[in-house]
Amino acid sequence: MNMSVAGHAQAAAAPVSLPIEGMTCASCVRRVEKALAKVEGVDSVAVNLATERADIRPAGRGVDHAALVQAVRDAGYAVPAGSVELAVDGMTCASCVGRVERALKAVPGVTEAVVNLASERASVHGTAAAADLLAAVAKAGYPASVVDTRAQAAGVAAAKKDQEREQLRRDLLLATALALPVFVLEMGSHMSPGMHAWVDRIIGMQTSWYVQFVLTALVLAIPGRRFYLQGFPLLARLTPDMNSLVAVGTAAAFGYSVVATFAPGVLPAGTVNVYYEAAAVIVALILLGRYLEARAKGRTSQAIGRLVGLQAKVAHVLRDGQEVDVAVDAVQLGDLLRVRPGERVPVDGEVTEGRSFVDESMITGEPVPVEKTVAAVVVGGTVNQQGALTLRATAVGAQTMLAQIIRMVEQAQGSKLPIQALVDKVTMWFVPAVMLAALLTFATWMVFGPTPALTFALVNAVAVLIIACPCAMGLATPTSIMVGTGRGAELGVLFRKGEALQRLKDAKVVAVDKTGTLTEGHPALTDLEVAEGFDRNQVLALVAAVESRSEHPIARAIATAATERGIALAPLDDFESVTGMGVRASVQGVRVEVGADRFMRALGLDASTFAATAQRLGEQGKSPLYAAIDGRLAAVIAVADPVKESTPAAIAALHQLGLKVAMVTGDNAHTAQAIARQLGIDEVVAEVLPAGKVDAVRRLRAEHGAIAFVGDGINDAPALAEADVGLAIGTGTDVAVESADVVLVGGSLAGVPNAIALSRATIANIHQNLFWAFGYNTALIPLAAGVLYPAYGLLLSPIFGAGAMALSSVFVLSNALRLRRFAPVLAGG
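An unreviewed UniProt entry lists the protein under the name Heavy metal translocating P-type ATPase, from Comamonas faecalis. As recorded by UniProt, the Sequence similarities (unreviewed entry) comment attached to the protein reads in full: "Belongs to the cation transport ATPase (P-type) (TC 3.A.3) family. Type IB subfamily."

This is the structure in structure tokens:
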């Protein structure tokens, strides 16, 4: 959706997102940022060339949306009209419709407003902020809300991009068709004496120039007009961009050629030459670069498109006992929905009826479908497998997990990394510096160049202008961020803040919370060893029956283990809790006693039979319990918070990445040390409260360097905020963890090494792009100026410069797209 959900000047200050049209290079980005930063009420601005979007953070109460749009236009760029869909309540007749339409049309920036009484919807087009529209409707006396039409808006945006690419393709084909004869006529004559003689004999050299003039004029006037319509106005404002460079360079080559063709006497002797082919071919080559760039840009944003595509379009809602098909954005909280086999779950909900398996790989990265029964939570966008389900909607629209994920990815893709600040400062002055370099080149060749000095001066000045366009610089960082964060989302790694993408690669130590991060977060039966002559399931049935009377977490874990194994719990008689010892009861006439070793000793039973098992359990940080049946020692039992299956591989992967791993937990030191030994964790900080975790993070940072903290995002919030990068293990539908920089939606520690490896790969990709972009421009400007001519007689043709400039952008984009093939360190992260 192009129209931003922005803060109104009178409302609470919310971030504003504006789409920007017409930006082509890094200097455009800086120019738009400066223009927006001057608007009253703006705190900070980040403009992204790859996403073609400006993200504005207001100061204080807010900022005037119309003023932002006007500032962009005054800088020479456009804010395209978009559309917002509003759900309007309380309309009862045609006069209500008219009142709402008039209120909407009165909002600055609205070009069209259509209100439908039957659907209770208002479709608004223009550049107005959604918050301004809502305020206008509310003032007219009708409550309204924004309808989440993200999928529709994504389709509209994609269609618009396709249209722009098609226009570029047509312009490129036309420019190529017109420029090719010009190139053949002029360059063929230079390269082949035979060709020169043939042209002179068949059509005559002067006629050849006339033909080249007509063809080149068509190239510049039709496919090339985009450069002049934007480049010259910006030059007139003394804020030139890459369009200005192309416009000045091609206009100079064409203008000189026109004078040589129609008024040769004006030029000094020996300088009557034409450069139509330079102007025509430069336009064709730069359009080729723009077209390839547009295609590559489309691929960089495919991650958002794929996420939006996961949303169901239609929901089967039960209303008044009837099943009605409605659009997903019309589903309301509490609605009952049916999900048939093979369909996508339309919204987040809780199963009220049915049993099925649901493919949650788009959320967790795990390919194995998860069983869902009554009371289970399902997530919108996941795929129902065999069975039919009925569910109650618990989150709709922008509140669904998928919508939150899309929003996080969009924010991360539009963010600006610290590394970009230097790039912006350099590129702001780069284009004016290039124009100055071109003037100096022209003057130097005019004064010191060989005869014909004017010809040499013109050709080399044009070469400098064309080769130095800073497109690649502007694309170097944002394209890598877009592809990297998009790939992260596919792997279940959500970068909530773009800076985390840069900081994470510098982490030297990863501190991990134990409960819920390394472990499952709840006690479970981990060990049950029976004495000779006893049946394992029978012992478990008896012990679980006794423990089912207790509310203690250990007792509940034993009872749950029996239930999960399909063991029915028999009724009890004579239940008794023995203080400090354990519990006893009769189960269908069988006496059962469960407790610590001292309880067994009090009963006169020798627990040494299980001495080896008890020692092993103690080394693992588990406290053994014993069970006696009819006065005989029957079993040793252990309940603990089990380590997640994915944890050992994740710890090993972090070590392979060269990182130290520390465990920070409130659990007792003995249990923590036992788990650390089991997993190969380097350092343990145990028995700490949440505030103590913050101190532990600071100490670890002082000892080892930059630290990443991994927690469940709830009780670990202070430590997540204190760490250089906080990674929250997202579970269920709670992915919007405000304290974290990165959210791992898979609920597994495997996402941590994946996130760190992706961070390293993305920042390395950015460095490669920046090296190429800066190195290319820095190296080739002197060549274009003719620095090698005195020693080697070598000059760089403006045509070669145009081709190289176009290829530099294509190289940067292609290099960024390599991140789409990033392979996770661990699967299922």
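Caption draft 1: Just the environment of Val 685, in detail. On the secondary structure map, Val 685 appears in strand 26 (residues 683-685). In this structure, the C-alpha to C-alpha distance between Val 685 and Met 663, residues 22 residues apart in sequence, is 6.0 Å. Not counting chain neighbours up to four residues away, the residues in contact with Val 685 comprise Met 663, Val 664, Thr 665, Ala 696 and Arg 699.

Caption draft 2: Quick look at the side chain of His 65. Within the secondary structure, His 65 is located in helix 2 (residues 65-74). Owing to a relative accessible area of 3%, His 65 belongs among the buried residues under this scheme. A distance of 3.1 Å separates a polar side-chain atom of His 65 from the backbone oxygen of Thr 127.

Caption draft 3: How the structure looks around the sheet that holds strand 12 (residues 356-359). If you walk across this open sheet you meet the three strands as 13-12-15, and the pairing is antiparallel. The open sheet is flanked by strand 13 (370-372) and strand 15 (383-384), the only strands paired with a single partner. Relative to strand 13, strand 12 runs antiparallel, the two being bridged by three bridges. Bridge pairing in strand 13 places Val 358 opposite Val 370.

Caption draft 4: Highlighting the pattern of salt bridges. All chains considered together, the criterion is met by 27 salt bridges. Asp 162 serves as the salt-bridge partner of Arg 165, at 2.3 Å between the closest nitrogen and oxygen. On the criterion of helical spacing, the pair formed by Arg 165 and Asp 162 is a turn pair, its members being three residues apart in helix 5 (residues 150-191). Asp 162 gets classed as partly exposed once you look at its relative accessible area, which sits at 43%.

Caption draft 5: Local environment of the sheet that holds strand 16 (residues 389-395). Reading across from one edge, 9-8-10-16-11-14 is the order of the six strands in this open sheet, with antiparallel pairing throughout. Because the sheet does not close on itself, it has two edges, and the strands there are strand 9 (322-327) and strand 14 (377-378). Sheet topology note: the strand 11 (residues 348-354)/strand 16 ladder contains six bridges and is antiparallel. Its bridge partner being in strand 16, Gly 354 is matched across the sheet by Leu 389.

Caption draft 6: How the structure looks around the pairing of strand 11. Pairing between strand 11 and strand 14: two bridges, direction antiparallel. Across the sheet, Gly 349 pairs through a bridge with Val 378, a residue of strand 14.

Caption draft 7: Geometry of the UniProt feature "transmembrane region" (unreviewed entry) in the protein. What UniProt calls "transmembrane region" (unreviewed entry) maps, in this numbering, to residues 172-191, 203-224, 245-267, 273-292, 426-448, 454-477, 770-789 and 795-813. End C-alpha atoms of residues 245-267 are separated by 24 Å, and the span's content is 78% helix alongside 0% strand. The distance from the first to the last C-alpha atom of residues 273-292 is 33 Å, and the span holds 85% helix and 0% strand.

Caption draft 8: Inspection of the side chain of Asp 171 at higher detail. Mapped onto the secondary structure, Asp 171 falls in helix 5. Judged by relative accessible area, Asp 171 falls into the buried class, the value being 7%. The residues touching Asp 171, leaving out its near neighbours within four places in the chain, are Pro 223, Arg 226 and Leu 287.

Caption draft 9: Examining the nonpolar core more closely. Counting residues in each nonpolar core, the largest one holds 141 residues, and the members touching the most others are Leu 18 and Leu 36. The leading source of residues in this core is helix 27 (residues 751-785), at 13 residues. Those residues in contact with Leu 36 that sit more than four places away from it in its chain are Leu 18, Val 42, Val 45, Ala 54, Ile 56, Leu 68, Ala 71 and Val 72.

Caption draft 10: Quick peek at unusual backbone geometry. Cis rather than trans, the peptide bond between Thr 451 and Pro 452 has omega equal to -5°. In this structure, Pro 452 sits in the loop between helix 14 (418-448) and helix 15 (453-467). In this structure, Asp 320 takes a positive phi of about 55° despite not being glycine. You can see Asp 320 is positioned in the loop between strand 8 (314-319) and strand 9. Here Asp 320 falls in the exposed class, since its relative accessible area comes to 82%. Residues other than glycine seldom take positive phi values, yet Asp 574 does so here, at roughly 55°. You can see Asp 574 is positioned in strand 20 (residues 572-578).

Caption draft 11: Focus on a nonpolar patch on the surface. Taken together, the side chains of Leu 174, Val 214, Leu 218 and Ile 222 make up a nonpolar region of the molecular surface, amounting to roughly 280 Å² of accessible area. Here Leu 218 lies in helix 7 (residues 205-221).

Caption draft 12: Region of interest: the environment of Ala 94. With respect to the helices and strands, the residue Ala 94 is situated in helix 3 (residues 94-105). The class for Ala 94 is exposed, based on a relative accessible area of 64%. Sequence separation of Ala 94 and Asn 116 is 22 residues, and the distance between their C-alpha atoms is 9.4 Å.

The rules behind the values
Residues numbered from 1 in each chain as written. Predicted model: local features only at pLDDT ≥ 70, side-chain atom pairs only at ≥ 80, totals over all residues. Heavy atoms only, no water. UniProt positions renumbered as here; feature names shortened; annotations may be inferred. Helix = DSSP H or I, 4+ residues; strand = E, 2+ residues; numbered from the N terminus. Contact = heavy atoms within 4.5 Å. Buried < 20%, exposed > 50% of the residue type's maximum accessible area, 1.4 Å probe, protein only. Polar contact = N/O pair within 3.5 Å; in protein donor to acceptor, adjacent residues only side chain to side chain. Pairing = 2+ DSSP bridges. Salt bridge = Lys/Arg side-chain N within 4 Å of Asp/Glu carboxyl O. Core = buried A, V, L, I, M, F, W, Y, C linked by side-chain atoms within 4.5 Å. Patch = residues over 30% accessible without salt bridge, like charges linked within 9 Å, V, L, I, M, F, W, Y side chains within 5 Å. Areas by Shrake-Rupley, 256 points an atom, 1.4 Å probe, with all protein chains shown as cover.

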